[in-house]
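Here is what each chain is made of, one letter per residue.
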Amino acid sequence: MTRRLLLDHGLALFRTKGYAAATVDEIAASAGTTRTTFYLHFPSKAQLMQALLDEVSETLTGIDDPPLAEVVERGERPLIEEWLNRKFDQWPRIGPYLTAAYQAAGIEPEINAALTNWFDSTTTAMHDGLNQADRFDANTRHVRSMLAFGQFEYVARRWFESGWTVDRAITLSTITDSWCHLLIDDGRAAPR
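Just so it is clear, the structure is predicted and the values come from calculations on it, not from any experiment. (Residues numbered from 1 in each chain as written. Predicted model: local features only at pLDDT ≥ 70, side-chain atom pairs only at ≥ 80, totals over all residues. Heavy atoms only, no water.)

Tell me what's going on with the nonpolar core, and back it up with residues and numbers.
F14, L48, M49, W179 and L183 are the most contacted members of the largest nonpolar core, which has 57 residues in total. Of all the secondary-structure elements, those providing two or more residues to this core are α1 (2-17), α2 (24-30), α4 (45-62), α5 (68-74), α6 (77-105), α7 (109-133), α8 (141-162) and α9 (168-183). In terms of residue count, α6 provides more of this core than any other element does, 14 residues in total. When near neighbours in sequence (up to four residues on either side) are disregarded, M49 contacts F14, Y19, Y97, A100, A101, A104 and I111. (Core = buried A, V, L, I, M, F, W, Y, C linked by side-chain atoms within 4.5 Å. Buried < 20%, exposed > 50% of the residue type's maximum accessible area, 1.4 Å probe, protein only. Helix = DSSP H or I, 4+ residues; strand = E, 2+ residues; numbered from the N terminus. Contact = heavy atoms within 4.5 Å.)

Laid out in structure tokens, this is it:
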């Protein structure tokens, strides 16, 4: 229970003060405990942030049915749009976590590495889907995957900062178009 309180209050302070400005003492006090108790649960503020990222990872991958690699392999526009739409639905829940993680990445090497691993594992799943489908020249599959996910991540970061500055339906349709171009339109894909 104390661990959960530290996670919740840490996230709340990261959201209101920013990751760098929130201190271990403030997190502990906000959770109704002490610095010593904080360190019994987390060796550092970065480790608390890593635990929050682990929760986000569960949220992001927990309802991927089918998983991203299969979505890319199947190469069906409605399936890609459905996958992207589910991720949009998750943004209100994961936004505070990822905003804090992006802030932490600038000063915490292990958080930067965790975000890099997340990006790499997602693009690898997309690349695997392209390999399974044997779609596009093998030398372009990885960069196609990086470009597609990079677009998505950029839009997510902008949404975390400003909300929908472009209509959600338009954004979804446009990203879907882009992903179809990058991941399925190799001359063999069915028209929409």
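Can you tell me about the confidence of the model for the protein, naming the residues and giving the values?
Residues at a pLDDT of 70 or more form 96% of the protein, whose mean pLDDT is 93. Across residues 188-192, where pLDDT falls below 50, the model places seven contacts with residues more than four positions away in sequence or in other chains. (pLDDT = per-residue confidence, 0-100.)

Lay out the packing of α6 against α8 with the relevant residues and their values.
Contact pair α6 / α8: the axes reach a minimum separation of 9 Å and the direction vectors enclose 65°. Here α8 runs roughly perpendicular to α6, going by the angle between their axes. For the crossing formed where α6 meets α8, the hand is right-handed. Each of L84, K87, F88, W91, P92, I94, G95, L98, T99 and Y102 in α6 lies in contact with α8, whose residues at this interface are F152, E153, V155, A156, R157, W159 and F160. For the contact of α6 with α8, the class distribution of residues is 12 nonpolar, two polar and three charged. (Axes fitted to C-alpha atoms, helices over the stretch in contact; angles between N-to-C directions. Parallel < 35°, antiparallel > 145°, perpendicular 65-115°, else oblique. Left-handed = near helix turned anticlockwise from the far one by under 90°. Nonpolar A, V, L, I, M, F, W, Y, C, P; charged D, E, K, R; others polar.)

Break down the pattern of salt bridges for me, citing the residues and quoting the values.
Summed over the entire model, instances satisfying the criterion amount to 12 salt bridges. In this structure, the salt-bridge partner of R4 is E55, at a minimum N-O distance of 2.5 Å. Here E55 lies in helix α4 and R4 lies in helix α1, a separation of 51 residues in the sequence. Residue R4 is classed as partly exposed on the basis of its relative accessible area of 35%. Owing to a relative accessible area of 17%, E55 belongs among the buried residues under this scheme. As a salt-bridge pair, E76 and R74 come within 3.5 Å of each other at their nearest N and O atoms. (Salt bridge = Lys/Arg side-chain N within 4 Å of Asp/Glu carboxyl O.)

Go over a nonpolar patch on the surface, please, and point to the residues and values.
A cluster of nonpolar side chains, V143, M146 and L147, forms an exposed patch at the surface whose accessible area comes to about 230 Å². With respect to the helices and strands, the residue V143 is situated in helix α8. For V143, a relative accessible area of 38% translates into the label partly exposed. (Patch = residues over 30% accessible without salt bridge, like charges linked within 9 Å, V, L, I, M, F, W, Y side chains within 5 Å. Areas by Shrake-Rupley, 256 points an atom, 1.4 Å probe, with all protein chains shown as cover.)

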